[in-house]
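Residue-level structure breakdown
This is what each chain is made of:
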Amino acid sequence: MKPLFGFDKTNNKPSKASEYVTKTISKALENEYDEITQVSFNIHKKLENKLKKYSKYIIFFGAVLVISCILLAIKDNSFSQMWEQRKIVLIVGGIALVAGIIARIVSNFIKPKKEILEDLEWNKKELENWMQKRAEFFEFDENTYKIDILHAMFTIKKGEVKPILTFGTYNNVPTVMFIKNGNFCVSDNINVYEFPLESFKEVVEIEEKKAFSNWTQEKEYTQEYSQSIDGAVVKKGITYHITKCKRVIFDIDGEEYYFEIIPYDFEKMDELVNQINISKPLMTDLEEEVEEENLFELREEENEK
C-alpha cells in the first residue's frame, strides 16, 4: 500500500495521484502560493525550539556512556570495580544525562517571541485569502467538504513506506473533496484530481502517533474543542499531535493507495462516504440504462436489415 499523494523519493517521481490531474491552477496563483509557503517555512524555522532539539542529543549521549559502562561490567562480571575502572566515563555520562533532562524541562517554558507569532498569524491570513482565490478559480460549488490530508515526501524500503518529515511533523494540506460526474474529486492547492468512484475501497481507522504543523480549523484550538473530538488532537508547543487517524483507501490498477486524515475531519469524511455509497448504485443504474438502450438500438438495426 502506497500514499496516493506526496512525492516518491525512492523512484524520484510524483505519487500516483499525478496521473489523475484534470485541472491545474494558473501560474500567477501558483507563484503567489509558493511565496506564502516559503514565508511559512521560514517562520516555523524561527519557531523551532533548539534547546528541546539539542537536549535529546545530550540525553542520548549521556545514556550511551552510562549504559556502555554497565554492559561492559556485565560482560567482565566486574560491577564492584566499575566505578574505579570507568569513573571518568560515568561522571561525564551522568552529567550529560542530568544536563539534558534539565534542558528538556527548561525548554518547555520557552515561549516564541511575540513578533514571530504575529508573523505567523499574518501568514495564516494570507493563506486564507489565497484559498478563496483558489476556490473562485476552480469554481467549487457548495456541496464540497474541506478536509486536511497528512502530506509528506516518502521513501519505500523493502515494501515499507517511510515518510520524510520536516521537524518531525507532517504538512496538513487543506483540500476540497466532492463527488462529480461519477468521480471522487480532490483539490489541493494546485490541482484537481478525479478518481473513478469504483476505485474507492474503504475508510479504516488506525492507531498511530503523528504530528502536524498548522491549525487550519475555523474554531481556535482549545482543550474543550479537543475533548469534543475525544481528545484526539493535543497541542504541544507549536505543533499538534494525534494518536489516531483515518486512512482512505483506493484500489487503482490492481494496487492499493491511500491518504490519511485528522480526527477533526472524521465526520466530514463519513458524510462524503455516504454520498459515495448513494452515488455508486445510481451510476450502476445509469450504466444499465445505457446498455439497455444500446441493445434496443442494435435489435432495431437488425430488424431493419
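Residues numbered from 1 in each chain as written. Predicted model: local features only at pLDDT ≥ 70, side-chain atom pairs only at ≥ 80, totals over all residues. Heavy atoms only, no water.

1. Here we look at helix α4 (residues 87-107)
For α4, which comprises 21 residues, the first-to-last C-alpha distance of 30 Å matches the rise-based estimate of 30 Å (1.5 Å per residue) to within 8%. Among all positions of α4, only Leu90, Gly93, Ala96, Gly100, Ala103 and Ser107 are buried. End-on, the buried residues of α4 take up no more than an arc of 165°, which puts them together on one face. Elements that come into contact with the buried residues of α4 comprise α2 (50-76) and α3 (82-85). (Helix = DSSP H or I, 4+ residues; strand = E, 2+ residues; numbered from the N terminus. Expected span 1.5 Å × (residues − 1). Buried < 20%, exposed > 50% of the residue type's maximum accessible area, 1.4 Å probe, protein only. Arc of directions from axis to C-beta. Contact = heavy atoms within 4.5 Å.)

2. Some points on the pairing of strand β9 (residues 183-187)
Most of β9 is tucked away, with five of its five residues classed as buried. Of the two faces of β9, the one lined by Asn183, Cys185 and Ser187 and the one lined by Phe184 and Val186 are each fully buried. Pairing analysis gives five bridges linking strand β8 (residues 171-180) to β9, with the strands arranged antiparallel. For lysine 180, the partnering residue across the bridge sits in β9 and is asparagine 183. Two successive antiparallel strands, β8 and β9, enclose a turn made up of two residues, where asparagine 181 displays a positive phi of approximately 50°. Where β9 and strand β10 (residues 191-196) come together, five bridges link them in antiparallel fashion. The residue bridging serine 187 from the neighbouring strand is valine 192, located in β10. The antiparallel hairpin formed by β9 and β10 contains three residues in its connecting segment. (Pairing = 2+ DSSP bridges.)

3. Comments concerning a nonpolar patch on the surface
Together, Leu51, Val98, Ile102, Val106 and Ile110 line one region of the surface with nonpolar side chains, adding up to about 410 Å² of accessible area. Considering every element that reaches the nonpolar patch, the biggest residue donor is α4, with three residues. Inspection of the secondary structure puts valine 106 in helix α4. (Patch = residues over 30% accessible without salt bridge, like charges linked within 9 Å, V, L, I, M, F, W, Y side chains within 5 Å. Areas by Shrake-Rupley, 256 points an atom, 1.4 Å probe, with all protein chains shown as cover. Salt bridge = Lys/Arg side-chain N within 4 Å of Asp/Glu carboxyl O.)

4. Things to note about the packing of aromatic side chains
Centre distance and the angle of the planes are the two values used to describe a pair of aromatic rings. A complete count under the given rule lists 22 aromatic pairs for this structure. Pairing phenylalanine 250 with phenylalanine 259 gives two aromatic rings, centres 6.0 Å apart and planes at 35°, and the pair type is tilted. The residues phenylalanine 250 and phenylalanine 259 share a single accessibility class, namely buried. Ring pairs connect the aromatic residues Phe5, Tyr20, Phe184, Tyr193, Phe195, Phe200, Phe250 and Phe259, which therefore count as one cluster. Positioned over the ring face of phenylalanine 137 is lysine 23, at 5.4 Å from the centre of the ring. Here arginine 247 stacks its cationic end above the ring of tyrosine 258, 4.2 Å away from the centre of that ring. (Phe/Tyr/Trp six-rings, centres within 6.5 Å; stacked < 30°, edge-to-face > 60°. Lys NZ or Arg CZ within 6 Å of the ring centre and 35° of its normal.)

5. Some details on helix α5 (residues 114-138)
Here α5 spans 36 Å end to end across 25 residues, near enough to the 36 Å set by a 1.5 Å rise per residue. At the C-terminal side of α5, glutamate 139 shows a positive phi close to 55°.

6. Quick look at the side chain of serine 199
Positionally, serine 199 belongs in the loop between β10 and β11 (200-212). With near-sequence residues (within four places) excluded, serine 199 lies in contact with Ile249, Phe250, Asp251 and Ile252.

7. Points about the packing of α2 against α4
Orientation of α2 relative to α4, taken along the N-to-C sense of each, is 155°, at an axis distance of 7 Å. Considering the angle they form, α2 stands roughly antiparallel to α4. For the element pair α2 and α4, the recorded crossing hand is left-handed. Residue classes in the contact of α2 with α4 are distributed as 16 nonpolar, six polar and three charged. (Axes fitted to C-alpha atoms, helices over the stretch in contact; angles between N-to-C directions. Parallel < 35°, antiparallel > 145°, perpendicular 65-115°, else oblique. Left-handed = near helix turned anticlockwise from the far one by under 90°. Nonpolar A, V, L, I, M, F, W, Y, C, P; charged D, E, K, R; others polar.)

8. Section: the confidence of the model for the protein
Averaged over all residues, the pLDDT of the protein equals 82, while 89% of them reach at least 70. Low confidence marks residues 283-288, where pLDDT is under 50. Its contacts with residues over four positions away, or in another chain, come to one contact. (pLDDT = per-residue confidence, 0-100.)

9. Remarks on the nonpolar core
Counting residues in each nonpolar core, the largest one holds 26 residues, and the members touching the most others are Phe184, Phe195 and Phe259. For this core, the secondary-structure elements that each account for two or more residues are β5 (145-151), β8, β9, β10, β13 (239-252), β14 (255-261) and α7 (266-304). For this core, the element with the highest residue contribution is α7, accounting for five residues. Not counting residues up to four positions away in its chain, the partners in contact with phenylalanine 195 are Leu4, Phe5, Ala17, Tyr20, Asn183, Phe184, Val186, Phe250 and Ile252. (Core = buried A, V, L, I, M, F, W, Y, C linked by side-chain atoms within 4.5 Å.)

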